[in-house]
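The lines below spell out each chain.
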Amino acid sequence: MNNTENIRLELLKDMENSIIKAFKINFSNDVINPMIEKSTVLEKNKKDNYLNLVKTALSNWKRAGLELTTYVYEHHGYSWGKKIKENRNIKSAEDIYKILKDYDLNISLPGNYNIIYKDNDIVKFYIKKHVLIDIRQECRINYSLMYDLDRTWKEAFINGLNSDFKLQATAENIDGIDVFVYTIFKK
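Trainee: How would you sum up the pairing of strand S4 (residues 177-186)? Please name residues and give values.
Mentor: Pairing between strand S2 (residues 122-128) and S4: seven bridges, direction antiparallel. For Ile127, the partnering residue across the bridge sits in S4 and is Phe180. The pairing of strand S3 (residues 165-174) with S4 spans 10 bridges and is classified as antiparallel. Bridge pairing in S4 places Thr170 opposite Val181. The hairpin turn running from S3 into S4, its antiparallel successor, is two residues long, and Asp175 in that turn takes a positive phi close to 50°.

Written as structure tokens, this is what we have:
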């Protein structure tokens, strides 16, 4: 395993731990412990086990679960952006794009990043909508909720990497294919 893969595994495990910690702080142990056991026992060694926790949190606590999960995604993305920034010289939108591609929470996504346009201050890329939907359906989570959480994480991650840059996300259709277009740009 290379260093990027090790850091990615650490990132995913930290996401799982962050979700557990946030829910333990906000809900009693007799309520939260069965949720954690149910989610983690089912998929003991899976890299994206945090998605099972998200699914359980959203189904058990609806609005409160979504708000807390959104907070976890935002805090986690920002703190990981800051952590990765410590070892890198991040000056351009392309630098941010490369790092985001390497550390995307969705393990199968990096090969699905398709650049539309790039220069020093802007990188515009897309991910086919069906790829994200397939990932979410595998875990049986509403893809639009997960898209919002994923976008929240990416925005916070980029802010942690370099607060001079921002992420904009839109749903579009390119050549008859539904895609999510992301633009990283200098503020």
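Additional details are given in the paragraphs that follow.
Trainee: Account for the packing of aromatic side chains, naming residues and giving values.
Mentor: One pass over the full model with this rule turns up seven aromatic pairs. Ring centres of Tyr113 and Phe125 lie 4.7 Å apart, and the angle between their planes is 10°; this geometry places the pair in the stacked category. A residue pair is termed long-range when its members are at least 10 positions apart, and Tyr113 in the loop between helix H4 (93-103) and strand S1 (114-118) and Phe125 in strand S2 qualify at 12 residues. Using a relative accessible area of 0% as the deciding quantity, one classes Phe125 as buried.

What counts and what doesn't
- Residues numbered from 1 in each chain as written.
- Predicted model: local features only at pLDDT ≥ 70, side-chain atom pairs only at ≥ 80, totals over all residues.
- Heavy atoms only, no water.
- Pairing = 2+ DSSP bridges.
- Helix = DSSP H or I, 4+ residues; strand = E, 2+ residues; numbered from the N terminus.
- Phe/Tyr/Trp six-rings, centres within 6.5 Å; stacked < 30°, edge-to-face > 60°.
- Buried < 20%, exposed > 50% of the residue type's maximum accessible area, 1.4 Å probe, protein only.

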